[in-house]
Amino acid sequence: MFDFDATLPLMALQFLLLAALLNAIFYKPMTKVLDDRDNYVRTNNLDARERLAKAETLAKEYEQQLSSARKQSQLTIEAAQNEAKKITAQKIAQAQQEAQAQREQAAKEIEQQKQAAMATLEGQVDALSNQILEKLLGSTLAK
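Under an unreviewed UniProt entry, the name given to the protein chain is ATP synthase subunit b', and the source organism is Dolichospermum compactum NIES-806. What UniProt states about the protein chain under its Sequence similarities (unreviewed entry) heading is, verbatim, "Belongs to the ATPase B chain family."

Draft legend 1. Fine view of the overall build of the protein chain. On a plain count of helices and strands, the protein chain comes out with one helix and zero strands. Its C-alpha radius of gyration of 60 Å places the protein chain more than 25% over the 15 Å reference for a compact globule of 143 residues. Along the first, second and third principal axes, the C-alpha atoms of the protein chain reach 200 × 25 × 10 Å. Accessible surface, the protein chain as shown: approximately 13,400 Å² in total, 61% of it carbon and sulfur. Across the protein chain, 18 positive and 19 negative side-chain charges occur, with their mean positions spaced 4 Å apart.

Draft legend 2. Structural view of the pattern of salt bridges. Tallied over the entire structure, the rule returns two salt bridges. Here Arg42 and Asp38 are joined by a salt bridge, their closest N and O atoms 2.5 Å apart. Pair noted here: Arg42 and Asp38 are both in helix α1 (residues 7-142), with a separation of four residues, about one helical turn.

Draft legend 3. Quick look at the environment of Leu16. Its place among the elements puts Leu16 in helix α1. C-alpha of Leu16 to C-alpha of Leu75: the two residues are 59 residues apart in sequence and 84 Å apart in space.

Draft legend 4. How the structure looks around a nonpolar patch on the surface. Residues Leu18, Leu21, Leu22, Ile25, Phe26, Tyr27, Met30 and Leu34 make up a contiguous nonpolar surface patch of roughly 770 Å² in combined accessible area. Locating Ile25 in the fold gives a position in helix α1.

Draft legend 5. Broad picture of the UniProt feature "coiled-coil region" (unreviewed entry) in the protein chain. UniProt annotation of "coiled-coil region" (unreviewed entry) refers to residues 45-131 when read in the numbering used here. In this annotation, residues 45-131 is assigned 100% helix and 0% strand; the end-to-end C-alpha distance for the span is 126 Å.

The rules we used
- Residues numbered from 1 in each chain as written.
- Predicted model: local features only at pLDDT ≥ 70, side-chain atom pairs only at ≥ 80, totals over all residues.
- Heavy atoms only, no water.
- UniProt positions renumbered as here; feature names shortened; annotations may be inferred.
- Helix = DSSP H or I, 4+ residues; strand = E, 2+ residues; numbered from the N terminus.
- Rg over C-alpha atoms; globule rule 2.2 N^0.38 Å.
- Areas by Shrake-Rupley, 256 points an atom, 1.4 Å probe, with all protein chains shown as cover.
- Lys, Arg positive; Asp, Glu negative; His and termini not counted.
- Charge placed at Lys NZ, Arg CZ, Asp CG, Glu CD.
- Salt bridge = Lys/Arg side-chain N within 4 Å of Asp/Glu carboxyl O.
- Patch = residues over 30% accessible without salt bridge, like charges linked within 9 Å, V, L, I, M, F, W, Y side chains within 5 Å.

Have a look at this one:
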């Protein structure tokens, strides 16, 4: 059925030569290109992951800084408000003290004027009393 003459080894030799030639010319360069591409993709993927991790770390850091800055500004605002309240309270207390001092001064002046008026009135009352007494006594003495 099969004739194993010199063609079979020759065909086997041709096949092996073709396989070696294809391997040297086509498969090795194509395998090298595929390996290079795989390495390129793997390297870019790793770099992208590292950059993503770095970006996430920076984002978290910036968020923390922003939060810290917000807290600090809130504390500064509260401190300024408290200082303003203290200054306002001091000014109000000072104004109240000045108003109280003016009221006391006015009360003293009124009391002095009252005393002066009373002294003047007493003098006039005494003079009028003397005049009345003179008229009454003078009229009784004349009778």
